[in-house]
Structure formats: structure tokens, C-alpha cells
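Take a look at the letters that make up each chain.
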Amino acid sequence: MGFPSSSSLKEFLDTMMKFVSFETIVEMMYKYAIPTPKEQCSKTLQLGVSFAGGYVAGVFCAIVSHLADNLVSFLNNAKDATVGNVCDFFA
């Protein structure tokens, strides 16, 4: 069994990032935006927090994924490019 393809690795990393960012965003919403502990919130409010957390996590991951795609595309198209070249190019 060899290494996974770059597309499946990218999908795995994107999915893990969505889960981690979703959990972090929901925790931060309950900690800073909602003055009531989660257990005391109504089911409707909990659903709204989950929806908002998922939405924000999706937007965040789309931004990060787009930047990573541009970086990989640049590295693939430029001959003998290094990460240092990319930093110089985008700076």
C-alpha cells in the first residue's frame, strides 16, 4: 500500500480542518457570545449555534483551501520553484 494521492490527502486535510475549526468556533460562541451554558440553552438555540458554527467553519476552510490550492498550483507550474520563491512572489 503506497502513499495516498495528493487529492485524497488534500480532501483528508480539508475535512479534518473543518471538524477542528467547527468545534473551536462553536466553543468560542458558547464562551463569548452566549451568556448561558449550552446545557441550559433551548434546542433551537443549540441548532442555530451549530448551523452558524458550520457556516463560519465552511467559509474559513474555503478561504484556506483556496490559498493552498493557489500555492500548489504555483509550485506545479513554475520550474524548480521552492517555497521561498512562492513567498517572494506573493509578498
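Scroll up for the structure.
Residues numbered from 1 in each chain as written. Predicted model: local features only at pLDDT ≥ 70, side-chain atom pairs only at ≥ 80, totals over all residues. Heavy atoms only, no water.

Caption draft 1: Layout of the overall build of the protein. Helix and strand counts for the protein come out as 3 helices and 0 strands. Starting at the N terminus, the α and β elements of the protein follow one another as α-α-α. The buried share of the protein, reckoned over its 91 residues, is 15%. Taking as baseline every contact in the protein between residues at least 6 positions apart, the subset at least 24 positions apart corresponds to 51%. When the accessible surface of the protein is split by element, carbon and sulfur atoms take 67% of a total near 7,200 Å². (Helix = DSSP H or I, 4+ residues; strand = E, 2+ residues; numbered from the N terminus. Buried < 20%, exposed > 50% of the residue type's maximum accessible area, 1.4 Å probe, protein only. Contact = heavy atoms within 4.5 Å. Areas by Shrake-Rupley, 256 points an atom, 1.4 Å probe, with all protein chains shown as cover.)

Caption draft 2: View of the nonpolar core. If you look at the biggest cluster of nonpolar residues, it comprises 5 residues: Val-26, Tyr-30, Ile-34, Cys-41 and Val-49. Setting aside residues no more than four positions away along its own chain, Val-49 makes contact with Val-26, Met-29, Tyr-30 and Ile-34. (Core = buried A, V, L, I, M, F, W, Y, C linked by side-chain atoms within 4.5 Å.)

Caption draft 3: Layout of the packing of aromatic side chains. This structure, assessed with the given rule, holds 1 aromatic pair. Ring centres 6.5 Å apart and planes at 25° place the aromatic pair Phe-51 and Tyr-55 in the stacked group. One end of the pair, Phe-51, and the other, Tyr-55, are both in helix H2 (residues 43–77), 4 residues apart, so they sit about a helical turn from each other. (Phe/Tyr/Trp six-rings, centres within 6.5 Å; stacked < 30°, edge-to-face > 60°.)

In short, shape yes, function no, at least from these values alone.
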